[in-house]
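Spelled out from the first residue to the last, the chains are:
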Amino acid sequence: MIKLIKQDLAGFLYFIGEHRPALDADSLALDIRKLERCEAADYLFLVRREKSYLFPVEDVYEPESYAYLCWTAYTLLPDMPVDAFYLHVSDTAMGPFGSVVLLDYAESAADVMHTADFTPEQRAAHLHRRTRHWRERAKLCTLAEMTAAMGGGEPEWT
C-alpha cells in the first residue's frame, strides 16, 4: 500500500478523471459533490472503466447494501482493471483535505466479503482496525509513484 498525504481530495478525484479519459464525467462529478459535502471522514473510492463510485467506508462494509454490491462486483472478473482507494478526510477548513491510500482491489474486496457474516459490533471493530492500518502502515509516495502504481501490471506497492 502506498499513500499520498496532505492532498486536496477533490483535486485528486479530478486528477483521476484527467488520467482516465474513458471515465464518465457525470459519474466523477457526482462523486466529487459527495466528497465536498464531507458527510464522512473515511471513504472508499472505486474506478473501473467508465464508472467511479465514492462511498463512506461503513456503507461498503454493510452486507447487501448498494455500496457493498458495487465494491465486490468485479471480483467475478479478475482480469478487469480496477483502481481502489481509501480516502481519509483530516481537514475540511478549505474543502476536503487528507490522505489517499491505493488499495489492492482484490484484497480489499475479499476483506469486505469476509466481514459480511460479522455482527454490526464486530464489523465496526474490524473496520476501525482496518482504517487505522491503512492510515498508519501505507508507505508514503509521490503523485508520480501513485500514478505509476495505478498503471496495471505487476505493481511495485504490493
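Heads up: the structure comes first, above all this text.
All of the points below concern the structure found in this document.

Each value, and the rule that gives it
- Residues numbered from 1 in each chain as written.
- Predicted model: local features only at pLDDT ≥ 70, side-chain atom pairs only at ≥ 80, totals over all residues.
- Heavy atoms only, no water.
- Pairing = 2+ DSSP bridges.
- Helix = DSSP H or I, 4+ residues; strand = E, 2+ residues; numbered from the N terminus.
- Buried < 20%, exposed > 50% of the residue type's maximum accessible area, 1.4 Å probe, protein only.
- Arc of directions from axis to C-beta.
- Contact = heavy atoms within 4.5 Å.
- Polar contact = N/O pair within 3.5 Å; in protein donor to acceptor, adjacent residues only side chain to side chain.
- Expected span 1.5 Å × (residues − 1).

A word on the sheet that holds strand S2 (residues 42-48). Strand order across the open sheet formed by six strands is S3-S2-S4-S5-S1-S6, with mixed pairing between neighbours. Either end of the sheet is taken by a strand with one partner, and the two such strands are strand S3 (51-56) and strand S6 (139-140). Where S2 meets strand S4 (residues 82-91), seven bridges bridge the pair, whose relative direction is antiparallel. Residue Leu 44 lies in a different strand from S4, and its bridge partner there is Tyr 86.

An α-helix turns once per 3.6 residues; consequently, residues spaced three or four apart project the same way. Restricting attention to buried positions, one finds in helix H5 (residues 105-114) the residues Tyr 105, Ser 108, Ala 109, Asp 111 and Val 112. Take H5 and look down its axis: the buried residues cluster within an arc of 155°, on one side only. Along H5, the residues that are exposed and aim more than 90 degrees away from the buried face are Ala 106, Glu 107 and His 114. Check the buried side of H5 and you find it contacts S2, helix H3 (57-60), helix H4 (66-72), S4, strand S5 (97-103) and helix H6 (120-137). Two to three positions downstream of the cap, the backbone nitrogen of Ala 106 sits 3.1 Å from a side-chain oxygen, assigning the N-cap of H5 to Asp 104.

A separate point is the pairing of S5. In terms of burial, S5 is largely enclosed, as six of its seven residues are buried. Pairing of S4 with S5 involves seven bridges; the strand directions are antiparallel. Residue Phe 85 lies in a different strand from S5, and its bridge partner there is Leu 102. Between S4 and S5, which pair antiparallel in sequence order, lie five residues; one of them, Gly 95, sits at a positive phi of approximately 100°.

With respect to the helices, strands and loops of the structure, Pro 120 is situated in helix H6. Its relative accessible area of 53% is what places Pro 120 among the exposed residues. Along the chain, Pro 120 and Glu 62 lie 58 residues apart, while their C-alpha atoms are 8.5 Å from each other.

A separate point is helix H2 (residues 25-36). The end-to-end C-alpha distance of H2, which contains twelve residues, comes to 16 Å, matching closely the 16 Å that a straight helix rising 1.5 Å per residue would cover. If you check which residues of H2 are buried, you get Ser 27, Leu 28, Asp 31, Ile 32 and Leu 35. Buried residues of H2 fall within an arc of 135° about the axis and therefore sit on the same side. In H2, the exposed positions that point more than 90 degrees away from the buried face belong to Ala 25 and Asp 26. Contact partners of the buried residues in H2: helix H1 (9-19), S2, S3 and S4. Trailing H2 by a residue or two, Cys 38 shows a phi angle of about 50°, which is positive.

Purely geometric stuff here, so don't read any function into it on its own.
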